[in-house]
Amino acid sequence: MPNLCDSSQKQCVYASKNQPPTYQLNDGRHIPSFGLGTWFGVSNTSFNPVDEEASERAVGWAIDAGYRLFDTAFIYGTEKSVGRGVKRKISEGVIKREDVFICTKLWVDSYGRAAVVPALRKSLEALDLDYVDLYLIHFPIGQFANGTLDLTDYRETWQGMVDAKRRGLTHSIGVANFNAHMMDRLIKSSCVKPAVAQIEVNLNIQQPSLLHYCCQHDIAVMGYTPFGSLFPERALPGAPGPRVDDPLLRQIAAAHNKTVPQIVLRYLYDLGVIPIPKSITKSRIEENIDIFDFDLSPEESIALGGYDVNYRSGKIWSDSPYYLTKQFTSK
C-alpha cells in the first residue's frame, strides 16, 4: 500500500530529541505527530466508567515520556482529568501551557451555529483552560436529548466552529468521522476549511482514498482506534484479524526489536496519520511513543497494507442522511 501523504512530505519540525516531530497545519499552527487518547471506551452499548485519577496519572506519565498532544471530548468525561494532569505538570515546571496541544470535541447534542460557543465554554471550564488548541465536530450527525435525530446541516454547525476560532476559544478547528464528500461541502461553503480530520485508521480500515483526499487538501489526519482488533479482549465479535500474536506481525516486530503494537503505530505514522493510542498503563504509554528510531522496509509496509478489509468498528446513527458512509446530493 503506497504512502499517500507520508511524514516525509509534510513540514516537520522536531521539538526535541525525546519528542515526536510536529506538522504544520493549513492555518499555520503546528500539531504533534503523536498523541494520547483518553476515551475509556464502551461495553455493549454504554460508556465505560471514567477513572479520573487513572486518567490524570496517564497524562502526567505521557508528558514525562514526551507526549505533547492530548485528545479528549465532552462525551468522554475526561476533560477534567486531562486538564488536571496538564496543570500539575505546568506547576511542576515540566512544561508550559504552550508546550502542549489539547484537542476536545463538540458533542452531537450541541448542533447549530448558536450552540457551539456555549458548548466549548463548558469544555474549557472542565479543562480549566482559556483555550484549546483544536476543537472538532465529533460527528456529522446531531441528536436531540430525547434520542431523535437533529437534521441541522453540519455546515451550519461549522459556522459556529468558525465563530469559536475567531473568538480565540480554540486555535484550530476541524472535524471527526466525516467522509471526503462531507469535507468537500464544508470547504465549498466556508472561507475556513478544516485543519484536522480525525477518523478511524488501523490495520483493518486504512482508508487510502480518504487519506489521499486529506493530503490533497492539506488537512492533517488524526487516527483513533489505531490498534483496531489487534487485542483479542477488545475485538468485537466477528472482527477480522490480525491479532497481536499474528505470525507475520511478530516476525516484523522481531526484526526491529520492537513490539507488535509499536510496528502498527509506526506503520500508521508512515502513512501520514497522527496516531492517538489510549492507555492508562505507564509502561505501555512509554512503549507506544517509542517508534521513531526505526524504519519499516517497503516490503513490510506492503504486507501491513494487506490487512485492510475496510472494517469499521463503530456503526451508529446509520439512519441519518449524514451517516459517514453515505453519499448524498445537496446544494
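Note that the structure is predicted; figures quoted are calculated from it, not measured.

Chemist: Give me the lowdown on the pattern of salt bridges, citing residues and values where you can.
Modeler: Within the structure shown, the criterion is met by 17 salt bridges. Measuring nitrogen to oxygen at the nearest pair gives 3.1 Å for the salt bridge that ties Glu56 to Arg84. One end of the pair, Glu56, is in helix H1 (residues 52-65); the other, Arg84, is in helix H2 (residues 79-91), with 28 residues separating them in the sequence. Judged by relative accessible area, Glu56 falls into the buried class, the value being 13%. For Arg84, a relative accessible area of 34% corresponds to the partly exposed category.

Chemist: Any chance you could break down unusual backbone geometry for me, citing the residues and the numbers?
Modeler: Cis geometry marks the peptide bond from Gly241 to Pro242; its omega dihedral reads 10 degrees. Within the secondary structure, Pro242 is located in the loop between strand S14 (220-224) and helix H7 (247-255). One non-glycine residue, Thr225, lies in the positive phi region at around 50 degrees. By the secondary structure assignment, Thr225 is in the loop between S14 and H7. Here the phi dihedral of Asn310 falls at roughly 60 degrees; this positive angle occurs in a residue that is not glycine. Positionally, Asn310 belongs in the segment after helix H10 (298-305). Owing to a relative accessible area of 56%, Asn310 belongs among the exposed residues under this scheme.

Chemist: Can you explain the pairing of strand S2 (residues 21-24)? Please cite residues and give values.
Modeler: Bridge count between S2 and strand S3 (residues 30-32): three bridges; the pairing is antiparallel. Paired with Thr22 across the strands is Pro32, a residue of S3. Linkage of S2 to S3, two consecutive antiparallel strands, is achieved through a turn of five residues, within which Gly28 is found at a positive phi near 95 degrees.

Chemist: Would you mind going over the side chain of Glu200 in detail, with residue names and values included?
Modeler: Along the polypeptide, Glu200 turns up in strand S13 (residues 196-200). It is Arg312 that comes nearest to the buried, bridge-free Glu200 among opposite-charge side chains, at 5.0 Å. Within polar-contact distance, the side chain of Glu200 engages the side chain of Ser313 at 2.9 Å. Apart from residues no more than four positions distant in its own chain, Glu200 is found in contact with Ile205, Gln207, Tyr224, Thr225, Tyr311, Arg312, Ser313 and Gly314.

Chemist: Any chance you could break down the packing of H2 against helix H3 (residues 113-127) for me, citing the residues and the numbers?
Modeler: Where H2 meets H3, the closest approach of the two axes is 7 Å, and the angle between their N-to-C directions is 45 degrees. Judged by the angle between their axes, H2 and H3 are oblique. Between H2 and H3, the residues in contact are Glu79, Lys80, Val82 and Gly83 and Ser123, Ala126 and Leu127, respectively. Tallied by class, the residues present in the contact of H2 with H3 amount to three nonpolar, two polar and two charged.

Chemist: So what about the environment of Thr78? Which residues, and what values?
Modeler: Among the structural elements, Thr78 can be located in the loop between strand S7 (69-71) and H2. C-alpha of Thr78 to C-alpha of Ala126: the two residues are 48 residues apart in sequence and 8.8 Å apart in space. The residues touching Thr78, leaving out its near neighbours within four places in the chain, are Thr38, Phe40, Val50, Ser55 and Thr72. In terms of polar contacts, Thr78 uses its side chain to reach the side chain of Thr72, at 2.7 Å.

Chemist: Summarise helix H4 (residues 154-166); cite the residues concerned and give the values.
Modeler: Since there are 3.6 residues in each turn of an α-helix, residues three or four apart along the chain are aligned in direction. The end-to-end C-alpha distance of H4 is 18 Å, a good match for the 18 Å that 13 residues give at a rise of 1.5 Å each. By the burial criterion, the buried members of H4 are Tyr154, Arg155, Thr157, Trp158, Gly160, Met161, Val162, Asp163 and Ala164. Lining the buried residues of H4 we find strand S8 (101-106), H3, strand S9 (132-137), strand S12 (170-176) and helix H5 (180-189). A side-chain oxygen of the first residue of H4 lies 2.9 Å from the backbone nitrogen of Arg155; this N-cap is Asp153. Immediately beyond the C-terminal end of H4, within one or two residues, lies Gly168, with a positive phi of roughly 80 degrees.

Chemist: Can you explain the packing of aromatic side chains? Please cite residues and give values.
Modeler: Counted under the stated rule, the structure contains seven aromatic pairs. Chaining the aromatic ring pairs together yields one cluster made of Phe34, Tyr67, Tyr269 and Phe292. Note that Arg97 overlies the ring of Tyr131, its terminal NZ or CZ placed 4.1 Å from the centroid. Across from the ring centre of Phe231, 5.9 Å away, lies the NZ or CZ of Arg284, which sits over that ring.

Chemist: Give me the sheet that holds S12: which residues, what numbers.
Modeler: Read across the sheet, eight strands follow the order S4-S7-S8-S9-S12-S13-S14-S15 without closing on themselves; strand pairing throughout is parallel. The open sheet has two free edges, formed respectively by strand S4 (35-37) and strand S15 (273-275), since each of these has just one partner strand. Put simply, the sheet's adjacent strands are angled 30 degrees from each other on average, direction ignored. Bridge count for S14 against S15 is three bridges, and the pairing is parallel. Across the sheet, the residue bridging to Gly223 is Pro275, located in S15.

Definitions and cut-offs
- Residues numbered from 1 in each chain as written.
- Predicted model: local features only at pLDDT ≥ 70, side-chain atom pairs only at ≥ 80, totals over all residues.
- Heavy atoms only, no water.
- Salt bridge = Lys/Arg side-chain N within 4 Å of Asp/Glu carboxyl O.
- Helix = DSSP H or I, 4+ residues; strand = E, 2+ residues; numbered from the N terminus.
- Buried < 20%, exposed > 50% of the residue type's maximum accessible area, 1.4 Å probe, protein only.
- Pairing = 2+ DSSP bridges.
- Lys, Arg positive; Asp, Glu negative; His and termini not counted.
- Polar contact = N/O pair within 3.5 Å; in protein donor to acceptor, adjacent residues only side chain to side chain.
- Contact = heavy atoms within 4.5 Å.
- Axes fitted to C-alpha atoms, helices over the stretch in contact; angles between N-to-C directions.
- Parallel < 35°, antiparallel > 145°, perpendicular 65-115°, else oblique.
- Nonpolar A, V, L, I, M, F, W, Y, C, P; charged D, E, K, R; others polar.
- Expected span 1.5 Å × (residues − 1).
- Phe/Tyr/Trp six-rings, centres within 6.5 Å; stacked < 30°, edge-to-face > 60°.
- Lys NZ or Arg CZ within 6 Å of the ring centre and 35° of its normal.

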